[in-house]
Amino acid sequence: MSVHIVILAAGQGTRMKSKLPKVLHPLAGTPLVQHVVDTAQQLGGDITLVVGHGAEAVKAQFAEQPVRFVTQAEQLGTGHAVAQALPCIKDDQRVLILYADVPLIEANALLPLLSGERAEGLTLFTASLNDPTGYGRVVREHNAITAIVEQKDATPEQLRIKEINTGIMSVPGQWLQQALPRLDNSNAQQEYYLTDLVAMAVADGLVVNGVEADDLIATQGVNNRVQLAALEREYQRRRVESLMLQGVTVIDPARLDLRGTVTTGTDNVIDVNVILDNVSLGSNVTIGANCIIRHSHIADGAVILDNTLIEESHVGPNANVGPFARLRPGTALAAKAKVGNFVEIKKSQIGEGAKVNHLTYVGDATVGAGANIGAGTITCNYDGVNKYRTRIGDGAFIGSNSTLIAPVSIGDGGYVGAGSVISKDAPAQQLTLARAKQLTLAKWQRPTKKDA
Ligand code: UD1
Ligand code: CA
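Conventions we followed
Residues numbered from 1 in each chain as written. Chains lettered and ligands numbered in written order. Predicted model: local features only at pLDDT ≥ 70, side-chain atom pairs only at ≥ 80, totals over all residues. Heavy atoms only, no water. Core = buried A, V, L, I, M, F, W, Y, C linked by side-chain atoms within 4.5 Å. Buried < 20%, exposed > 50% of the residue type's maximum accessible area, 1.4 Å probe, protein only. Helix = DSSP H or I, 4+ residues; strand = E, 2+ residues; numbered from the N terminus. Contact = heavy atoms within 4.5 Å. Domains from an automatic or database assignment. Donors = N, O, S within 2.8 Å, 3.2 Å for Na, K, Ca; no water. Pairing = 2+ DSSP bridges. Salt bridge = Lys/Arg side-chain N within 4 Å of Asp/Glu carboxyl O. 1 Å grid on protein atoms, 1.4 Å probe; cavity = no way out; pocket = protein on both sides within 12 Å on 5 of 7 lines; lining within 4 Å. Points joined across faces, edges and corners; volume = space filled by probe spheres on them. Nonpolar A, V, L, I, M, F, W, Y, C, P; charged D, E, K, R; others polar. Near = heavy atom within 4 Å. Polar contact = N/O pair within 3.5 Å; in protein donor to acceptor, adjacent residues only side chain to side chain. Areas by Shrake-Rupley, 256 points an atom, 1.4 Å probe, with all protein chains shown as cover. Sits in = over half its atoms within 2 Å of the grid points.

Take the nonpolar core next. Residues Leu276, Ile287, Ile298 and Val315 are the most contacted members of the largest nonpolar core, which totals 47 residues. Those elements that provide at least two residues to this core are α8 (225–245), β12 (248–250), β13 (256–263), β15 (274–281), β17 (292–298), β29 (365–367) and β35 (408–410). Per element, the largest residue contribution to this core is four residues, and it comes from β15. If we skip the residues at most four places from it in the chain, isoleucine 298 touches Val279, Ser280, Leu281, Gly282, Val285, Ile293, Ile304, Ile310 and Val315. Counting 34 residues, the second largest nonpolar core, distinct from the first, contains Val70, Ala81, Leu86 and Cys88.

Below, the structure written as structure tokens:
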């Protein structure tokens, strides 16, 4: 039996008090709804996303992904939302309903809802919470599930029930087709509740099963920013723990944030207040305090010192970066290259063992192996209209406070005197100076104060 996963993402998320649709709020840098779609993709089958509030923005998130959309023009409730997907659902499909605001649910936990023996009935994913406030309660008689009652419709006695509806259920397609049109909205919120399907299934003689979640955190929904932050923390705690178990020393697990895909070798050490966002780390890497690294690769033995920002860059083996360095997109440091404090590098290749130690801007440049760029060197790569490249040869030496006006090249082993303004190519192996000659005026006298 094939599976059709319907993800509800049309609600406004009033309780977020935000212009951004709730399901686009990020958790670990990724929109809530994307987490749920990723999980659905792991399970396989058709995926239909019900969009409504902020539909265009939600669709844009999935521009390049195999997801089908249906629109719920008015948000009349979760049952009404699923009904919008009915034309896409085949009778012989098993329909799994997920909520875009329950982001941490994992594919493995959902497998029991799709297993063969439950194919004919309705299976509900439930959880037992110490504080069930806000959730729909699972009502049982003689242990059999008979209904779900929403918080706002519950009697004081029902409010004491600790077993809650996670919102996730699986239903046979054929039955869903004829059941959803029978929902009504005679309840406290005047909404078409998906949860009313449960009592309807019982009345129709369907088998109604409950699968209780082991992992309570993973079933939690995000309705406001307090819950969002709580889930973020828990998610981070788990991811960082998994990183440590892969052989990384993390000085304070509460002060490392991992976003997107982070892969690692072993024996890396990460100091406090670090963000790694889509990063691959080799082994024996050291990352100092307050570093942010995004979309980058850091090779074996590299050392990233405190307060460094690295984006879309490649740091080679045993290279050394920081403190207070900034590598902008398109930077590649070869093995043992060194980039020191207050240096900015953009779209440049820095050769093996080359040194750019202090207070320098290198943009659109190629720096050869073993070159040494003195403090305060600036590549002038932009004339206000176009960008040009600078080429610095292997073993070249650029004296401090030099200005290299691109397009320009310095030959291998070329030597540029400190304070030069280089606007023409400088040859290999020779000293090039481009600065005013120093002179001392022999007859000069210090001015004196005129008498008043
Ligand atoms: C829902 C359940 C509740 C459950 C809880 C779990 C119902 C009636 N209640 O309540 O039993 O314990 O989730 O988190 O189903 N949505 C739409 N269209 C709509 C309304 C909602 O697409 O018209 C989407 C929302 O974007 C969201 C999801 O459905 O992703 C849940 O909606 P929400 O309003 O948050 O429901 P809860 O009150 O949390
Ligand atoms: Ca919710």
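Split by domain assignment, the chain resolves into domain 1 (2–219) and domain 2 (246–432). Inter-centroid distance (C-alpha atoms) of domain 1 to domain 2 is 49 Å.

Coordination sphere of the calcium ion (ligand 2), protein contribution only: Asp101 (OD) and Asn223 (OD1), at 2.5 Å. One end of the pair, aspartate 101, is in the loop between β6 (94–99) and α4 (107–114); the other, asparagine 223, is in the loop between β11 (208–212) and α8, and 122 residues separate them in sequence.

A separate point is the sheet that holds strand β18 (residues 303–304). On the basis of which strands lie adjacent, the open sheet formed by eleven strands has the order β12-β14-β16-β18-β21-β24-β27-β30-β33-β36-β38 and parallel pairing. The open sheet has two edge strands, β12 and β38 (431–432), and neither has a second partner. Of the strand pairs in this sheet, strand β16 (residues 286–287) and β18 are connected by two bridges, and their pairing is parallel. The residue bridging isoleucine 287 from the neighbouring strand is isoleucine 304, located in β18.

The next subject is the pattern of salt bridges. Oppositely charged side chains may form a pair once their charged atoms are brought near each other. As enumerated under the stated definition, the model contains 15 salt bridges in all. One salt bridge in this structure joins arginine 238 and aspartate 215, with 2.8 Å as the shortest N-O distance. Taken together, the residues arginine 238 in helix α8 and aspartate 215 in the loop between β11 and α8 connect sequence positions 23 residues apart. Judged by its relative accessible area of 30%, arginine 238 is partly exposed. Among the ionic pairs, arginine 255 bridges to aspartate 252, the shortest N-O distance being 2.7 Å. Overlapping salt bridges bring together Asp215, Glu234, Arg237, Arg238 and Glu241 as one network.

Of the volumes computed, that of the largest pocket is approximately 1,100 Å³. Lining the largest pocket are 40 residues, with Arg15, Lys22, Thr78, Asp101 and Asn223 sitting closest to its centre. For the lining of the largest pocket, the secondary structure elements donating two or more residues are β1 (3–9), α3 (78–83) and β10 (163–172). Considering every element that reaches the lining of the largest pocket, the biggest residue donor is β10, with three residues. Here the lining of the largest pocket is composed, by residue class, of eleven nonpolar, 23 polar and six charged. Its boundaries defined by the atoms lining it, the second largest pocket holds a volume of some 550 Å³. Taken together, 24 residues line the second largest pocket, and the ones lying closest to its centre are His35, Asp38, Gln42, Tyr235 and Arg239.

Quick look at unusual backbone geometry now. Glycine aside, residues mostly have negative phi, and peptide bonds are mostly found in the trans state. Omega for the bond connecting glycine 322 with proline 323 falls within 30 degrees of zero, at 0°, which places this linkage in the cis form. Its place among the elements puts proline 323 in the loop between β21 (320–321) and β22 (326–327). Residue alanine 406 is joined to proline 407 through a cis peptide bond whose omega torsion reads 0°. Even without a glycine there, the phi angle at asparagine 273 is positive, about 60°.

This brings us to the environment of alanine 428. As for its placement among the helices and strands, alanine 428 is situated in the loop between β37 (421–422) and β38. When the C-alpha atoms of alanine 428 and glycine 414 are compared, they prove to be 4.3 Å apart, with 14 residues separating the residues in sequence. With residues up to four places along the chain from it excluded, the contact list for alanine 428 reads Gly411, Asp412 and Gly414.

Here we take up the site of ligand 1. What surrounds ligand 1 is a group of 23 residues, the closest being Gln72, Gly77, Thr78, Glu150 and Asn165. The contact in question runs from an oxygen atom of ligand 1 to an N or O atom on the backbone of leucine 76, over 3.4 Å. Threonine 78 is positioned such that a nitrogen or oxygen atom in its side chain is 2.7 Å from an oxygen atom of ligand 1. Within the complex, the protein chains bury 92% of what would otherwise be the 760 Å² of accessible surface of ligand 1. Using a 2 Å cut-off from the grid points, one finds that ligand 1 occupies the largest pocket. For the shell around ligand 1, the secondary structure elements donating two or more residues are β1, α3 and β10. Grouping the amino acids of the shell around ligand 1 by side-chain chemistry returns nine nonpolar, ten polar and four charged.

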